Amino acid sequence: MNDALLNQEFRAAMRQLAGGVSVITAANGNERTGLTATSVVSISMDPPELFISVNQSSSSWPVIEKAGKFGINVLQHGQQIVAEHFSGKGGRKGDDRYADDDWYQTPDGVWLSRRSLAAFACDVEKVWLHRQHALIAGKVTRIDINPGPKPLAYWQGNYGSFSGQ
């Protein structure tokens with residue numbers, strides 16, 4: 001299989017993997033940006049640590065690298081517009097991505113959503129640069145839990161929700 005076909009097949013196969021939707025926030029001084037992610041991984045319970053992957057060519061990577069901090073916001077079903085803003089849909093960039101939600105800044109400078117099901121403030125613990133991505137282990141410094149409606153999910157290029165049994 002040639003590389004182009006392998007990449008196309010890989011994308012199609014990965015679309016079969018349903019994922020919860022999170023927004024990763026990044027801020028350094030007055031510079032604020034972020035991205036939408038469908039894979040956040042718990043890597044340690046003691047101390048609590050989470051793992052994210054950020055494309056090094058994204059606007060978020062240099063901000064996270066400079067600040068040494070980031071936020072993870074686990075979105076609820078009613079926050080699809082937030083996911084779209086942070087994915088860059090409609091050409092939104094930087095601070096404009098924070099429209100249409102209720103954000104607050106922690107004392108450490110991390111932006112978290114008051115509407116998310118859960119929000120984590122993290123300090124960058126370790127970074128691995130691999131191909132075009134920065135693989136980031138973040139030590140959790142703050143957790144907000146906001147029980148609410150169903151989580152926002154993403155599958156086959158569409159947003160939806162999980163219906164528990």
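Residues numbered from 1 in each chain as written. Predicted model: local features only at pLDDT ≥ 70, side-chain atom pairs only at ≥ 80, totals over all residues. Heavy atoms only, no water.

**Describing the pairing of strand E10 (residues 133–145)**
When a strand is regular, its side chains alternate between the sheet's two faces.
Turning to step 1, where the next piece is worked out: Here seven bridges tie strand E5 (residues 48–55) to E10, and the two strands are oriented antiparallel to one another. Considered in E10, the bridge of Ser 53 is made with Leu 135.
Turning to step 2, where the next piece is worked out: Bridge count for strand E9 (residues 118–130) against E10 is 12 bridges, and the pairing is antiparallel. Paired with Val 124 across the strands is Gly 138, a residue of E10.
Turning to step 3, where the next piece is worked out: The hairpin formed by E9 and E10 contains two residues between the paired strands, and Arg 131 there has a positive phi angle of roughly 50 degrees. (Pairing = 2+ DSSP bridges. Helix = DSSP H or I, 4+ residues; strand = E, 2+ residues; numbered from the N terminus.)

**A closer look at the sheet that holds strand E1 (residues 19–20)**
The strands making up a sheet are joined through hydrogen bonds of the backbone, oriented either antiparallel or parallel.
Turning to step 1, where the next piece is worked out: Taking strand neighbours across the sheet as the criterion, the three strands line up as E1-E11-E12 in an open arrangement whose pairing is antiparallel. Both edges of this open sheet fall to E1 and strand E12 (158–161), since each of them pairs with a single strand only.
Turning to step 2, where the next piece is worked out: For strand E11 (residues 152–155) and E12, the ladder comprises four bridges, and the chain directions are antiparallel. Bridge pairing in E12 links Tyr 154 to Tyr 159.

Any functional reading would require information beyond the geometric quantities listed.
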